[in-house]
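Single-letter residue listing:
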Number of protein chains: 2
Amino acid sequence: MTDMAEVRRRPGRPGRRPGAADTRGEILTAARRVFAEKGFDKATIRGIARAAGVDPALVHHYFETKDGVFVAAMRLPVDPVAAIPLIVSGPREEIGERLVRFILTMTGEPAARERILALLRTAMVNEQGVTMLREFFASAVLGRVGAELGVPPIRMQAAFSQMLGVVMARYIMRLEPLGSADTEELVGLLAPTIQRYLTG
Amino acid sequence: MTDMAEVRRRPGRPGRRPGAADTRGEILTAARRVFAEKGFDKATIRGIARAAGVDPALVHHYFETKDGVFVAAMRLPVDPVAAIPLIVSGPREEIGERLVRFILTMTGEPAARERILALLRTAMVNEQGVTMLREFFASAVLGRVGAELGVPPIRMQAAFSQMLGVVMARYIMRLEPLGSADTEELVGLLAPTIQRYLTG
């Protein structure tokens, strides 16, 4: 079972510049604007710092990487990039099960789920929202996992589409019995699908 | 290959009552209100007729069944209920492939796809919209196919979730290369998944 605590969103370092009441918050506000305008791929730490009127070193100080800024700016409940090592390590023939358990555990927590559903809803109806999410998932998450595992992008995306569809069918459409099925039943149903996409 | 022309939305019979300029349109307006208020399951032809101020026989005349009213009221590009016999007939070991081809062919047509995406977007952000769609798909579509094939509801819903996720990943998130992959590649990738849910 994946330990969700290990991949929780890094809150950023607590240190504040003297006199800067909410520099971190100002960086995040600027980052949301920059990500919306440029998408994830074209946004840079330097550009976000410029938009916030701070030194790029300060953005690195608070968030370390562009991924880190994005995760905090979008208030993602977990950092998918930090979760990658937990998913890809361990027996290769159980990766489908690890991935399904990770997604089900994360979306099983109401606060995390609500945040994810809010992002999906925004992306569904907002062109900028969908561009940001697409680029973040394609580059920072699926691209990296695929590269680690040697899995072609289309197979990573097929696996992603299955898990996206399950989350939507359970928590947005609320189909029953899928919506209230327990983790073990869903792992039995879905893990072989994900396993085949990733290693089949 | 499924012939999409056979499952196109029945336009309703063209006949008009003398003096009733757009009775059919008035029934559909009333039906949208009734489906939104009551959901698909609790709505009745009688209730829709009452809301439209017409005789129930007239609703039957134009749309035959409650499914038919729903398909016309929601402007679904094809009637999923009419498509069921095409999907379930033929060799059982190829049902995954038939179902994947049907969904890909339908969503490959821009006008049909736009209508489906519009419905999904509405459902994502609108509680009444999601209730209508859930009940229609669960009862009228997935429930009937499952009953025909002897497949438990949760397995039907897992198959639905894979196809929902693919349509969203391709046409709303526009992930590449999934978004522009051709039908044969997608059938090779997805048909075994659907086949396993339905007969595995």
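Residues numbered from 1 in each chain as written. Chains lettered and ligands numbered in written order. Predicted model: local features only at pLDDT ≥ 70, side-chain atom pairs only at ≥ 80, totals over all residues. Heavy atoms only, no water.

The name an unreviewed UniProt entry gives chain A is TetR family transcriptional regulator, with Sphaerimonospora thailandensis as the organism.

**Digging into the interface of chain B and chain A**
Selection criterion: It only takes one pair of heavy atoms within 4.5 Å for two residues to be counted as in contact. Summed over both partners, the accessible surface that disappears when two parts come together, traced with a 1.4 Å probe, is what is meant by buried area. Salt bridges are counted wherever a side-chain nitrogen of Lys or Arg sits within 4 Å of a carboxyl oxygen of Asp or Glu.
The interface of chain B with chain A comprises 42 residues on the first partner and 42 residues on the second. Around 3500 Å² of area is buried between chain B and chain A when both sides are counted, 68% of it from carbon and sulfur atoms. Together, Met124, Ile154 and Met173 of chain B form the three largest contributors to the area buried by chain B at its contact with chain A, with a combined 20%. For the pair chain B and chain A, the number of links is two salt bridges.

**What about helix 2 (residues 45-52) of chain B?**
Filter applied, for reference: Per-residue accessibility, obtained with a 1.4 Å probe over protein chains only, is compared with the maximum for each type, and a residue is labelled buried under 20%, exposed over 50%, and partly exposed between these values. Strands here are runs of E lasting at least two residues and helices are runs of H or I lasting at least four, both read from the DSSP assignment and numbered beginning at the N terminus.
For helix 2 of chain B, the complete set of buried residues consists of Ile45, Gly47, Ile48, Ala49 and Ala52 of chain B. In this structure, the buried side of helix 2 of chain B is in contact with helix 1 (23-42), helix 3 (56-63) and helix 4 (66-73) of chain B.

**Digging into the environment of Asp67 of chain A**
Residues and elements named next belong to chain A. Summarising the element assignment, Asp67 is placed in helix 4 (residues 66-73). When its relative accessible area of 8% is taken as the criterion, Asp67 is described as buried. Along the backbone, Asp67 and Phe136 are 69 residues apart, and their C-alpha atoms lie at a distance of 8.1 Å. If sequence neighbours within four positions are ignored, Asp67 has contacts with Phe40, Val81, Phe136, Ala140 and Arg144.

**Regarding the pattern of salt bridges**
All names here are of chain A. For the coordinates displayed, the defined rule picks out eight salt bridges over all chains. Two residues, Asp67 and Arg144, come together in a salt bridge whose shortest N-O distance is 2.8 Å. Within this pair, whereas Asp67 is found in helix 4, its partner Arg144 is found in helix 8 (residues 127-149), the two being separated by 77 residues in sequence. We classify Arg144 as partly exposed; its relative accessible area is 35%. Among the ionic pairs, Arg101 bridges to Glu184, the shortest N-O distance being 2.8 Å. Pair noted here: Arg101 is in helix 6 (residues 95-108) and Glu184 is in helix 10 (residues 183-199), with a separation of 83 residues, a long-range link. According to the relative accessible area criterion, Arg101 is buried, its value standing at 12%.

**Structural notes on the packing of aromatic side chains**
The line we're drawing: Pairing of aromatic rings covers Phe, Tyr and Trp, the last counted by its six-membered ring, and requires centre-to-centre distances within 6.5 Å; plane angles under 30 degrees mean stacked, over 60 mean edge-to-face, and any other angle means tilted. Charge over a ring is defined by NZ of Lys or CZ of Arg lying within 6 Å of the ring centre and within 35 degrees of the ring normal.
What the rule picks out here adds up to 16 aromatic pairs over all chains. Between Phe70 of chain B and Phe136 of chain B, the aromatic rings sit 4.3 Å apart at their centres with planes inclined by 25°, giving stacked as the arrangement. On the criterion of sequence distance, the pair formed by Phe70 of chain B in helix 4 and Phe136 of chain B in helix 8 (residues 127-149) is long-range, its members being 66 residues apart. Given the relative accessible area of 0%, Phe136 of chain B is considered buried. Between Phe136 of chain B and Phe137 of chain B, the aromatic rings sit 5.7 Å apart at their centres with planes inclined by 75°, giving edge-to-face as the arrangement. An aromatic cluster is built from Phe35, Phe40, Phe70, Phe136, Phe137 and Phe160 of chain A, whose rings are joined through pairwise contacts. Sitting over the ring of Phe40 of chain A, Lys66 of chain A keeps its end group 4.6 Å from the ring centre.

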